[in-house]
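# Examination of the molecular architecture
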Amino acid sequence: MEQIFSYFLFAGLGANVLYYIIAAGALIIGFLIGFLIKRVVSKKKIEETQVQVNKMLEDAQQQSKAIKKEAILEAKEQELKLRNEFEHEAREKRAEIQKNERRLVQKEEMLDKKEENLIRRNDELSRQQANLKNRELELDKKMQDISLQHETMLKQLEEISQLSREDAKKELINAIEDEAKKDAAVLVRNIENEAKEEANRKAKDIISLAIQKCSTEQATEITVSVVPLPNDDMKARIIGREGRNIRALENATGIELIIDDTPEVVILSSFDPVRREVARIALEKLIQDGRIHPARIEETVEKVRKELEQQIKEAGENAMFECGIFGLHPEVVKLLGRLKFRTSYGQNVLKHSIEVSHLAGLMATELGVDVQLAKRAGLLHDLGKAVDHEVEGTHMKIGGDLAKKYKENNHVINAIVSHHGDVEPKTIEAILVQAADAISGARPGARRETTTNYVKRLQNLEEIASGFKGVDKTYAIQAGREVRVIVKPEQVDDATTLFLARDIAKKIESELEYPGQIKVSVIREWRATEFAK
């Protein structure tokens with residue numbers, strides 16, 4: 001059995017090996033057949049590629065030949081074109097050279113002609129110089145003869161007139177000088193009269209137009225710090241027990257209450273107009289309320305002070321808007337509002353400032369200068385009066401310092417400090433502010449003046465005019481707007497009256513303060529009187 005099993009096992013293994021051998025042979029044969037097929041296909045592709053490459057080489061050779069031919073043609077065309085351009089430029093240069101040569105020939109010919117002319121002129125000048133020398137010799141001889149004759153005539157004149165040469169010269173110079181002075185005075189008077197007439201006419205036109213456009217309702221304002229009382233019993237309540245109420249009110253407001261024998265009236269006294277206004281309003285409210293004691297007084301004063309600060313700010317803003325001025329510093333606006341409670345000669349300073357701003361702006365419009373600058377300077381020109389009771393110095397200087405502090409324009413500062421003539425104005429707008437200030441302050445009813453000051457001003461005016469040599473009488477007329485000076489005719493001639501009027505006017509300007517302008521009229525009159533008997 002074991003032999004039979006071994007036989008079958010061997011027979012089975014032999015069959016498998018044969019199968020593997022056959023499969024391996026088939027695989028090798030397939031690989032060889034595929035290799036041969038691939039080689040045949042590759043050879044065919046190589047032949048086709050070779051054909052395509054040959055064809056591309058032929059096309060490239062043909063294209064290169066065409067390109068070469070085109071390049072040769074273009075080069076020949078470019079060469080021909082360059083040759084034509086070169087020949088054209090050469091022709092132009094030859095023509096220009098020929099033209100320059102012709103010009104040079106012409107210039108040479110002209111120079112030759114000029115040289116000939118110069119030679120002729122030199123010869124002629126030589127002849128003229130010789131003639132001039134001969135004439136100079138003749139003139140010298142004649143001048144010597146004339147000088148001898150002149151000396152002889154002068155000696156004869158000295159003997160006849162019995163005057164030396166120097167004395168005669170002095171008399172002649174004095175006579176000519178007097179005559180020249182008279183002629184100059186007449187000429188100056190005529191010129192000044194014409195200039196003044198024309199300037200006055202134009203100035204009157206501008207000022208009258210400005211005044212017509214800027215009309216104001218209020219002529220004058222008088223601030224009287226007087227509080228009326230309903231009855232005399234109210235005085236005792238205001239004073240309080242042992243004067244505690246009046247002391248509390250004075251301490252709270254910083255003003256002085258004057259309670260005298262005047263019936264039903266209390267007078268408030270203070271240099272600060274704002275404090276005086278606070279006290280007035282507070283006292284009126286206390287009287288109306290009826291409850292008057294120290295605590296109530298302090299409460300009312302504090303409340304009124306806050307209300308008044310708001311009123312001051314609103315007054316400044318209203319003035320700014322009314323004048324069309326914007327961009328002012330808030331502190332400047334408050335200072336403007338304080339001017340509402342400040343008066344000058346009975347004229348409210350805030351209303352005066354607004355009026356000056358409008359007048360300056362209108363005149364600036366007529367003259368064609370900076371209107372906004374003129375209006376701004378006019379509104380701020382009296383800014384210093386808001387604090388002049390607190391700060392030392394003139395209101396012009398104080399106002400200029402305040403404007404400088406709050407970064408105002410230099411032209412505005414100059415207009416503020418120069419509006420009364422203490423500083424030289426640097427701009428036309430500053431001069432317009434001066435004029436507008438004078439117009440606003442000098443118009444009828446704008447300011448009030450006491451009788452004593454008025455009479456004193458007239459007396460000073462007459463005394464200044466009477467202090468000049470040759471003045472006989474002086475009269476201040478038209479409320480001090482004109483001074484008439486009557487001179488002695490034997491001491492002052494017609495020509496001197498012009499200079500006398502000018503000197504009097506200058507002295508008035510330097511020594512007096514007055515609103516507007518003063519006319520100086522010098523009158524010379526010669527009268528001959530005889531009586532028939």
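Scroll up a little and you will see the structure.
Let us look at the structure shown here. Bear in mind that the values here come from a model prediction, so they are computed numbers and not experimental data.

### As for helix α6 (residues 294–323)
- The terminal C-alpha atoms of α6 lie 43 Å apart, and with 30 residues this matches the ideal 44 Å at 1.5 Å per residue to within 8%.
- Of all the residues in α6, the buried ones are R296, I297, T300, V301, V304, L308, I312, A315, G316, A319, M320 and C323.
- Packing partners of the buried residues in α6 comprise α4 (244–253), α5 (273–289), α7 (330–338), α8 (349–367) and α9 (371–380).
- Looking at the residues trailing α6, positive phi occurs at G324, about 75°.

### Things to note about the side chain of H419
- Checked against the element boundaries, H419 lands in the loop between α11 (410–417) and α12 (428–442).
- Taking the relative accessible area as the measure of exposure, H419 reaches 3% and is therefore buried.
- Here the side chain of H419 touches H420 through a polar contact of 3.4 Å, side chain to side chain.
- Setting aside chain neighbours within four positions, we find H419 in contact with H381, D382, H395, M396, V433, Q434 and D437.

### Section: unusual backbone geometry
- In this model, E242 sits at a positive phi of 55°, which is unusual for a non-glycine residue.
- Mapped onto the fold, E242 is located in the loop between α3 (233–239) and α4.
- For K407, which is not a glycine, the phi torsion comes out positive at approximately 60°.
- Mapped onto the elements, K407 comes out in the loop between α10 (395–405) and α11.
- Given a relative accessible area of 74%, K407 falls into the exposed group.

### Some points on the side chain of T253
- For T253, the location among the structural elements is in helix α4.
- Residue T253 is classed as buried on the basis of its relative accessible area, which comes to 4%.
- Polar contacts involving the side chain of T253 include one to the main-chain carbonyl oxygen of L249, which spans 2.6 Å.
- Those residues within four positions of T253 in sequence are excluded, and the remaining contacts are R275, A279, V301 and R305.

### Brief notes about the sheet that holds strand β8 (residues 519–523)
- Taken in spatial order, the three strands of this open sheet run β6-β7-β8, and their pairing is mixed. Either end of the sheet is taken by a strand with one partner, and the two such strands are β6 (471–477) and β8. On average, each strand axis in the sheet is tilted by 15° relative to the strand beside it, whichever way the strands run.
- Direction of pairing for β6 relative to strand β7 (residues 482–487): antiparallel, over a ladder of six bridges. Across the sheet, I477 pairs through a bridge with E482, a residue of β7.
- In the packing of helix α14 (residues 494–511) onto the sheet, the strands contacted are β6, β7 and β8, and the crossing angle to β8 comes to about 150°.

Parameters at a glance
- Residues take numbers from 1 onward in each chain, read along the sequence in its written order.
- This being a predicted model, a pLDDT of at least 70 is required before a residue's local features are given, and a value of 80 or more before pairs of side-chain atoms are given or counted; all residues contribute to the totals for chains, interfaces and linings.
- The side-chain values count all of the structure's non-hydrogen atoms but skip hydrogen atoms and water molecules.
- Helix and strand labels come from DSSP, where a helix needs a run of H or I of at least four residues and a strand needs a run of E of at least two; each type is numbered from the N terminus.
- Residue count minus one, scaled by 1.5 Å, sets the expected span of a helix.
- Throughout, exposure labels follow a simple rule: accessible area from a 1.4 Å probe, protein chains only, divided by the maximum for the residue type, with under 20% read as buried, over 50% as exposed, and the rest as partly exposed.
- Any two residues having at least one pair of non-hydrogen atoms within 4.5 Å are treated as being in contact.
- The definition of a polar contact used here is a pair of N or O atoms within 3.5 Å, where within protein one atom must be able to donate a hydrogen and the other to accept one, and adjacent residues in sequence count solely through side-chain atom pairs.
- Here, strands pair whenever DSSP counts at least two bridges between them.
- All axes are obtained by fitting lines to C-alpha atoms, using only the stretch in contact for helices, and the reported angles, taken between N-to-C directions, cover 0 to 180 degrees.

Treat this as a map of the structure, not an account of what it does.
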